[in-house]
Amino acid sequence: MNRPRREAAARRIMEQSPPRVPADLYAEAVRRGGRMLRRRTAARRLMWLLLGAAAVAFTVWALTVQPWVEPPSETTPPVTGWEGW
């Protein structure tokens, strides 16, 4: 299809009366949109809750294990200087 034909077809489509939509379409769209917003809000709150719980769990673990502290030596150091006692 060449350009003039495409333009003429587009003009014909635009000049036609708009198709009829069901009367309850707006109410249905609002209902579904509200449901989607509630689900998104619930999912966002759940993700923040999980993130907070993970942060608390990590903090408790770090305070109890203390990974920054050097572990105690497995062998005892040689003891010298006590023979005279």
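A brief report on the enclosed structure follows.

Rules of the game
- Residues numbered from 1 in each chain as written.
- Predicted model: local features only at pLDDT ≥ 70, side-chain atom pairs only at ≥ 80, totals over all residues.
- Heavy atoms only, no water.
- Helix = DSSP H or I, 4+ residues; strand = E, 2+ residues; numbered from the N terminus.
- Rg over C-alpha atoms; globule rule 2.2 N^0.38 Å.
- Areas by Shrake-Rupley, 256 points an atom, 1.4 Å probe, with all protein chains shown as cover.
- Lys, Arg positive; Asp, Glu negative; His and termini not counted.
- Charge placed at Lys NZ, Arg CZ, Asp CG, Glu CD.
- Buried < 20%, exposed > 50% of the residue type's maximum accessible area, 1.4 Å probe, protein only.
- Expected span 1.5 Å × (residues − 1).

1. A closer look at the overall build of the protein chain
Thinking step 1. Helices and strands together make up the secondary structure of the protein chain, namely 2 helices and 0 strands.
Thinking step 2. The C-alpha radius of gyration computed for the protein chain amounts to 36 Å, which surpasses the reference 12 Å derived for 85 residues by more than 25%, pointing to a less compact arrangement than a globule.
Thinking step 3. If you line up the protein chain on its principal axes, its C-alpha atoms span 115 × 40 × 10 Å.
Thinking step 4. Here the protein chain displays about 8900 Å² of accessible surface, and carbon together with sulfur accounts for 64% of that area.
Thinking step 5. Side-chain charges of the protein chain comprise 14 positive and 7 negative groups, with the mean position of each set lying 26 Å from the other.

2. Concerning unusual backbone geometry
Thinking step 1. Of note in the backbone geometry, Gln66 takes a positive phi value of approximately 50 degrees without being a glycine.
Thinking step 2. Looking at where Gln66 falls in the secondary structure, it is placed in the segment after helix H2 (25–65).
Thinking step 3. Take Gln66: its relative accessible area is 36%, and that puts it in the partly exposed class.

3. Some points on helix H1 (residues 3–15)
Thinking step 1. For H1, with 13 residues, the first-to-last C-alpha span of 18 Å sits near the 18 Å given by 1.5 Å per residue.
Thinking step 2. Across the 13 residues of H1, 1 count as buried, placing the element largely on the outside.

4. Quick word on the environment of Ala29
Thinking step 1. With respect to the element layout, Ala29 can be found in helix H2.
Thinking step 2. For Ala29, a relative accessible area of 47% gives the class partly exposed.
Thinking step 3. Spatially, the C-alpha atoms of Ala29 and Ala42 are 20 Å apart, while their sequence positions differ by 13 residues.

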